[in-house]
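# Structural overview for review
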Amino acid sequence: TASANGSDLPAHRPASSNIWNGRKILLSFSLGLKKGQYDAHVADIERSGGKVIRQEQEEEEVEKVEKADILITKYRSGPAYAKVRGLNIDVLTNR
């Protein structure tokens, strides 16, 4: 059987389909992502045509959610979720 070593693999994954279509996405702190997980999700979203709204602190979430087209959160609760309820922002959850 053949095997690949690091030099046989492409430096970057090929572009995915444009599933996000330029939408701005906010990954909520409620997801509990570690830095490596967060960075991997950001890379996947950007590779798939999305733009991630970055935030450094949880307190920024309520302010920055207004700029998002999509809020990805663990729960349908909390200040950021309450704020988007009256706006035209999609909410994706794993619940």
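A quick note: this is a predicted structure, and the numbers were derived from the prediction, not measured.

Cut-off values and rules
- Residues numbered from 1 in each chain as written.
- Predicted model: local features only at pLDDT ≥ 70, side-chain atom pairs only at ≥ 80, totals over all residues.
- Heavy atoms only, no water.
- Helix = DSSP H or I, 4+ residues; strand = E, 2+ residues; numbered from the N terminus.
- Buried < 20%, exposed > 50% of the residue type's maximum accessible area, 1.4 Å probe, protein only.
- Contact = heavy atoms within 4.5 Å.
- Areas by Shrake-Rupley, 256 points an atom, 1.4 Å probe, with all protein chains shown as cover.
- Pairing = 2+ DSSP bridges.
- Lys, Arg positive; Asp, Glu negative; His and termini not counted.
- Salt bridge = Lys/Arg side-chain N within 4 Å of Asp/Glu carboxyl O.
- Polar contact = N/O pair within 3.5 Å; in protein donor to acceptor, adjacent residues only side chain to side chain.
- Right-handed = clockwise from strand over helix to strand, strands pointing away.

We now examine the overall build of the protein chain. Looking only at helices and strands, the protein chain has 3 helices and 4 strands in total. For the protein chain, the succession of helices and strands along the chain, N to C, is β-α-β-α-β-α-β. With 95 residues in all, the protein chain has 28% of them scored as buried. Counting only contacts in the protein chain whose residues sit at least 6 apart along the sequence, the fraction spanning at least 24 positions is 53%. Of the roughly 6700 Å² of accessible surface on the protein chain, a fraction of 48% belongs to carbon and sulfur atoms.

The next thing to look at is the sheet that holds strand E3 (residues 70–72). Ordered by their spatial adjacency, 4 strands build an open sheet running E2-E1-E3-E4, and the pairing between neighbours is parallel. A strand with exactly one partner marks an edge of an open sheet, and here the two such strands are strand E2 (51–52) and strand E4 (90–92). Pairing geometry for E3 and E4, over 3 bridges, is parallel. When the bridges of E4 are listed, Ile-72 appears paired with Leu-92.

With that settled, the discussion passes to the side chain of Glu-61. Inspection of the secondary structure puts Glu-61 in helix H2 (residues 60–64). Of the side chains with opposite charge, Lys-64 comes closest to the buried, unpaired Glu-61, at an N-O distance of 11 Å.

Taken as a whole and assessed by the stated rule, the structure comprises 6 salt bridges. A salt bridge links Asp-44 to Arg-47, with the shortest nitrogen-to-oxygen separation between them at 2.3 Å. Taken together, the positions of Asp-44 and Arg-47, both in helix H1 (residues 35–47) and 3 residues apart, correspond to about one turn of that helix. Given a relative accessible area of 23%, Arg-47 falls into the partly exposed group. Salt-bridge contacts for Glu-60 lead to Lys-64; the nearest nitrogen and oxygen are separated by 3.2 Å. Here the residue Glu-60 and the residue Lys-64 both occupy positions in helix H2, the gap between them amounting to 4 residues, near one helical turn. Judged on exposure class, the residue Glu-60 and its partner Lys-64 are both buried.

Topologically, Ser-28 is positioned in the loop between strand E1 (24–27) and H1. For Ser-28, a relative accessible area of 5% puts it in the buried group. A distance of 3.1 Å separates polar atoms of two side chains, one belonging to Ser-28 and the other to Glu-61. Among all residues touching Ser-28, those that are not within four sequence positions of it are Gln-55, Glu-61, Leu-71, Ile-72 and Thr-73.

Looking along a regular strand, one sees the side chains alternate between the two faces of the sheet. Bridging between E1 and E2 involves 2 bridges; their strand directions are parallel. Among the inter-strand pairings, Lys-24 is bridged to a residue of E2, identified as Lys-51. For the segment spanning E1, H1 and E2, crossover handedness is right-handed.

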